[in-house]
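# Chains, contacts and geometry: an overview
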Amino acid sequence: MTQKKSVCDEKTFRLIFDDHSEVIRNFIYYKCGNMQQAEDITQDAFVKLWKNCKKVVFEKAKSFVMKVAQNAFFNEVAHQKVVLNYNQRTASLPSYANSPEFLMEEKEFMARLQQSIASLPVKEREVFLLSRKDKKTYREIAEIIGITQKAVERRMHLALLKLREKIGTAI
(Lines give C-alpha, C1' and ligand atoms only; values in the text may rest on other atoms or scores of the structure.)
Protein backbone atom coordinates (compact mmCIF):
# COMPACT_ATOMS: atom_id res chain seq x y z
CA MET A 1 0.00 0.00 0.00
CA THR A 2 1.56 3.27 -1.09
CA GLN A 3 0.89 6.38 0.89
CA LYS A 4 0.00 9.53 -1.03
CA LYS A 5 2.24 12.54 -0.57
CA SER A 6 0.62 15.35 1.35
CA VAL A 7 1.28 18.93 0.27
CA CYS A 8 0.93 19.85 3.96
CA ASP A 9 4.08 17.85 4.79
CA GLU A 10 6.97 20.35 5.01
CA LYS A 11 9.43 18.14 3.12
CA THR A 12 6.92 17.57 0.32
CA PHE A 13 6.09 21.27 0.17
CA ARG A 14 9.82 22.13 0.01
CA LEU A 15 10.20 19.61 -2.84
CA ILE A 16 7.35 21.26 -4.76
CA PHE A 17 8.82 24.71 -4.12
CA ASP A 18 12.36 23.69 -5.16
CA ASP A 19 11.13 21.95 -8.32
CA HIS A 20 8.76 24.64 -9.59
CA SER A 21 9.42 28.09 -8.10
CA GLU A 22 12.08 29.14 -10.63
CA VAL A 23 9.99 28.16 -13.65
CA ILE A 24 6.95 29.97 -12.28
CA ARG A 25 8.99 33.05 -11.35
CA ASN A 26 10.58 33.19 -14.81
CA PHE A 27 7.22 32.69 -16.50
CA ILE A 28 5.75 35.66 -14.59
CA TYR A 29 8.94 37.68 -15.19
CA TYR A 30 8.63 37.17 -18.94
CA LYS A 31 5.11 38.52 -18.76
CA CYS A 32 5.83 41.59 -16.62
CA GLY A 33 9.53 42.35 -17.06
CA ASN A 34 9.97 43.07 -13.35
CA MET A 35 11.94 40.47 -11.40
CA GLN A 36 10.84 41.78 -7.99
CA GLN A 37 7.18 41.62 -9.01
CA ALA A 38 7.68 38.11 -10.39
CA GLU A 39 9.33 36.94 -7.17
CA ASP A 40 6.55 38.48 -5.07
CA ILE A 41 3.80 36.85 -7.14
CA THR A 42 5.59 33.49 -7.01
CA GLN A 43 6.03 33.70 -3.26
CA ASP A 44 2.39 34.67 -2.76
CA ALA A 45 1.30 31.73 -4.92
CA PHE A 46 3.26 29.31 -2.74
CA VAL A 47 1.83 30.91 0.41
CA LYS A 48 -1.63 30.30 -1.02
CA LEU A 49 -0.66 26.69 -1.76
CA TRP A 50 0.47 26.26 1.85
CA LYS A 51 -2.78 27.77 3.16
CA ASN A 52 -4.79 25.44 0.91
CA CYS A 53 -2.51 22.40 1.25
CA LYS A 54 -5.32 20.17 2.54
CA LYS A 55 -7.41 20.91 -0.54
CA VAL A 56 -4.65 20.39 -3.15
CA VAL A 57 -3.42 16.93 -4.05
CA PHE A 58 0.31 16.51 -4.65
CA GLU A 59 -0.11 15.71 -8.36
CA LYS A 60 -2.00 18.98 -8.95
CA ALA A 61 0.25 21.25 -6.84
CA LYS A 62 2.30 22.57 -9.78
CA SER A 63 -0.79 23.48 -11.82
CA PHE A 64 -2.40 25.05 -8.75
CA VAL A 65 0.60 27.30 -8.07
CA MET A 66 0.98 28.16 -11.76
CA LYS A 67 -2.68 29.13 -12.06
CA VAL A 68 -2.60 31.18 -8.84
CA ALA A 69 0.53 33.02 -9.99
CA GLN A 70 -0.90 33.63 -13.46
CA ASN A 71 -4.17 34.95 -12.04
CA ALA A 72 -2.31 37.21 -9.60
CA PHE A 73 -0.28 38.63 -12.47
CA PHE A 74 -3.37 39.29 -14.59
CA ASN A 75 -5.04 41.02 -11.63
CA GLU A 76 -2.01 43.28 -11.06
CA VAL A 77 -1.52 44.33 -14.68
CA ALA A 78 -5.08 44.60 -15.92
CA HIS A 79 -4.67 48.38 -16.15
CA GLN A 80 -0.96 48.51 -17.13
CA LYS A 81 0.95 48.10 -20.33
CA VAL A 82 3.58 45.36 -20.00
CA VAL A 83 7.14 46.54 -20.62
CA LEU A 84 10.03 44.13 -20.54
CA ASN A 85 13.30 45.45 -19.06
CA TYR A 86 15.64 42.69 -19.99
CA ASN A 87 18.87 42.79 -17.93
CA GLN A 88 21.95 42.43 -20.03
CA ARG A 89 24.37 39.87 -18.71
CA THR A 90 28.02 40.33 -19.25
CA ALA A 91 29.41 37.30 -20.97
CA SER A 92 33.02 36.32 -20.65
CA LEU A 93 34.67 36.91 -24.01
CA PRO A 94 37.34 34.78 -25.65
CA SER A 95 40.80 36.38 -25.63
CA TYR A 96 40.66 37.24 -29.35
CA ALA A 97 37.48 39.24 -28.81
CA ASN A 98 38.95 42.03 -26.71
CA SER A 99 39.21 44.54 -29.53
CA PRO A 100 37.26 47.77 -29.02
CA GLU A 101 35.42 47.26 -32.33
CA PHE A 102 34.25 43.78 -31.33
CA LEU A 103 33.14 44.94 -27.90
CA MET A 104 31.23 47.88 -29.38
CA GLU A 105 29.55 45.70 -32.03
CA GLU A 106 28.60 43.14 -29.41
CA LYS A 107 27.15 45.81 -27.12
CA GLU A 108 25.15 47.32 -29.99
CA PHE A 109 23.92 43.88 -31.08
CA MET A 110 22.84 42.96 -27.54
CA ALA A 111 20.99 46.27 -27.22
CA ARG A 112 19.22 45.66 -30.57
CA LEU A 113 18.42 42.08 -29.58
CA GLN A 114 17.00 43.08 -26.19
CA GLN A 115 14.99 45.89 -27.74
CA SER A 116 13.69 43.51 -30.42
CA ILE A 117 12.72 40.87 -27.85
CA ALA A 118 11.02 43.51 -25.69
CA SER A 119 9.03 44.76 -28.69
CA LEU A 120 7.61 41.30 -29.48
CA PRO A 121 3.96 40.75 -28.62
CA VAL A 122 3.62 39.26 -25.11
CA LYS A 123 2.55 35.80 -26.31
CA GLU A 124 5.46 35.47 -28.73
CA ARG A 125 7.96 36.96 -26.26
CA GLU A 126 7.07 34.53 -23.47
CA VAL A 127 7.35 31.50 -25.80
CA PHE A 128 10.67 32.75 -27.18
CA LEU A 129 12.18 33.38 -23.73
CA LEU A 130 10.91 30.11 -22.25
CA SER A 131 12.48 28.25 -25.17
CA ARG A 132 15.74 30.15 -25.60
CA LYS A 133 16.50 31.30 -22.04
CA ASP A 134 14.98 28.54 -19.91
CA LYS A 135 15.68 25.80 -22.49
CA LYS A 136 12.12 24.46 -22.27
CA THR A 137 10.77 22.14 -24.95
CA TYR A 138 7.70 23.14 -26.91
CA ARG A 139 5.74 20.49 -25.02
CA GLU A 140 6.84 21.95 -21.65
CA ILE A 141 6.01 25.47 -22.81
CA ALA A 142 2.57 24.33 -23.95
CA GLU A 143 1.95 22.85 -20.50
CA ILE A 144 3.19 25.96 -18.67
CA ILE A 145 1.15 28.41 -20.74
CA GLY A 146 -1.86 26.15 -21.21
CA ILE A 147 -1.97 26.05 -25.02
CA THR A 148 -1.34 23.37 -27.63
CA GLN A 149 2.13 22.47 -28.83
CA LYS A 150 1.14 23.60 -32.33
CA ALA A 151 0.27 27.05 -30.94
CA VAL A 152 3.69 27.19 -29.26
CA GLU A 153 5.36 26.29 -32.55
CA ARG A 154 3.40 28.99 -34.37
CA ARG A 155 4.25 31.65 -31.77
CA MET A 156 7.94 30.70 -31.90
CA HIS A 157 7.92 30.84 -35.69
CA LEU A 158 6.36 34.31 -35.65
CA ALA A 159 8.79 35.51 -32.95
CA LEU A 160 11.81 34.32 -34.96
CA LEU A 161 10.53 35.92 -38.15
CA LYS A 162 10.05 39.26 -36.40
CA LEU A 163 13.44 39.10 -34.66
CA ARG A 164 15.25 38.23 -37.89
CA GLU A 165 13.51 41.10 -39.63
CA LYS A 166 14.48 43.56 -36.88
CA ILE A 167 18.11 42.56 -36.31
CA GLY A 168 18.96 40.92 -39.62
CA THR A 169 20.72 37.76 -38.39
CA ALA A 170 19.92 34.18 -37.48
CA ILE A 171 18.87 33.71 -33.87
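Values in this document were obtained by computation on a predicted structure and should not be read as measured data.

The subject of this paragraph is the environment of M110. Residue position: M110 is located in helix α4 (residues 100-119). According to the relative accessible area criterion, M110 is partly exposed, its value standing at 24%. For M110 and I167, which are 57 residues apart along the polypeptide, the C-alpha to C-alpha distance reads 10.0 Å.

Mapped onto the elements of the fold, N52 is located in the loop between α2 (35-51) and α3 (61-76). Assessed through its relative accessible area of 18%, N52 is described here as buried. Engagement of the side chain of N52 in a polar contact is seen with the backbone oxygen of K48, the distance being 2.8 Å.

As a further point, take unusual backbone geometry. Excluding glycine, residues mostly have negative phi values, and the peptide bonds linking residues are mostly trans. Of note in the backbone geometry, K135 takes a positive phi value of approximately 60° without being a glycine. By secondary structure assignment, the location of K135 is in the loop between α5 (122-132) and α6 (138-145). The exposure class of K135 is exposed, given its relative accessible area of 65%.

Moving on to the packing of aromatic side chains. Scanning all chains against the criterion turns up four aromatic pairs. On the numbers, 5.0 Å between centres and 75° between planes, the contact of F13 with W50 is edge-to-face. Of this pair, F13 sits in helix α1 (residues 10-32) while W50 sits in helix α2, and the two are 37 residues apart along the sequence. Taking relative accessible area as the criterion, F13 reaches 15% and is therefore assigned buried. Seen in terms of ring centroids, F17 and F46 are 4.8 Å apart; in terms of plane orientation they differ by 70°. Their pairing is edge-to-face. One end of the pair, F17, is in helix α1; the other, F46, is in helix α2, with 29 residues separating them in the sequence. Since its relative accessible area comes to 27%, F17 is described here as partly exposed. Using a relative accessible area of 3% as the deciding quantity, one classes F46 as buried. Connected via pairs of aromatic rings, a cluster forms that spans F13, F17, F46 and W50.

Per-residue pLDDT for the protein averages 79, and the proportion of residues at 70 or more is 84%. Averaged pLDDT values over the elements of the protein bottom out at 82 in α4 and peak at 91 in helix α7 (residues 149-167). Predicted confidence is poor over residues 81-93, with pLDDT under 50, and the contacts of this stretch with residues over four places away or in other chains come to 28 contacts.

Attention now moves to the side chain of T42. On the secondary structure map, T42 appears in helix α2. What makes T42 buried here is its relative accessible area of 4%. Among the polar contacts made by the side chain of T42, one reaches the main-chain amide nitrogen of R25 at a distance of 3.4 Å. Among all residues touching T42, those that are not within four sequence positions of it are S21, I24 and R25.

With that settled, consider the nonpolar core. V7, F27, I28, F46, L49, F128 and L130 are the most contacted members of the largest nonpolar core, which has 40 residues in total. At the level of elements, α1, α2, α3, α4, α5, α6 and α7 are the ones that each hand at least two residues to this core. In contact with F46, other than residues within four places in its own chain, are F13, I16, F17, H20, S21, I24 and V65.

Right, let's talk about the pattern of salt bridges for a bit. In this structure the tally under the stated criterion is six salt bridges. Note that K31 is salt-bridged to E126, the shortest N-O span being 2.9 Å. Of this pair, K31 sits in helix α1 while E126 sits in helix α5; the two residues are 95 residues apart in sequence, bridging distant segments of the chain. In this structure E126 comes out as buried when scored by relative accessible area, which is 2%. Between E143 and K62 there is a salt bridge, with the nearest N and O atoms lying 3.4 Å from each other. One end of the pair, E143, is in helix α6; the other, K62, is in helix α3, and 81 residues separate them in sequence.

Conventions and cut-offs
- Residues numbered from 1 in each chain as written.
- Predicted model: local features only at pLDDT ≥ 70, side-chain atom pairs only at ≥ 80, totals over all residues.
- Heavy atoms only, no water.
- Helix = DSSP H or I, 4+ residues; strand = E, 2+ residues; numbered from the N terminus.
- Buried < 20%, exposed > 50% of the residue type's maximum accessible area, 1.4 Å probe, protein only.
- Polar contact = N/O pair within 3.5 Å; in protein donor to acceptor, adjacent residues only side chain to side chain.
- Phe/Tyr/Trp six-rings, centres within 6.5 Å; stacked < 30°, edge-to-face > 60°.
- pLDDT = per-residue confidence, 0-100.
- Contact = heavy atoms within 4.5 Å.
- Core = buried A, V, L, I, M, F, W, Y, C linked by side-chain atoms within 4.5 Å.
- Salt bridge = Lys/Arg side-chain N within 4 Å of Asp/Glu carboxyl O.

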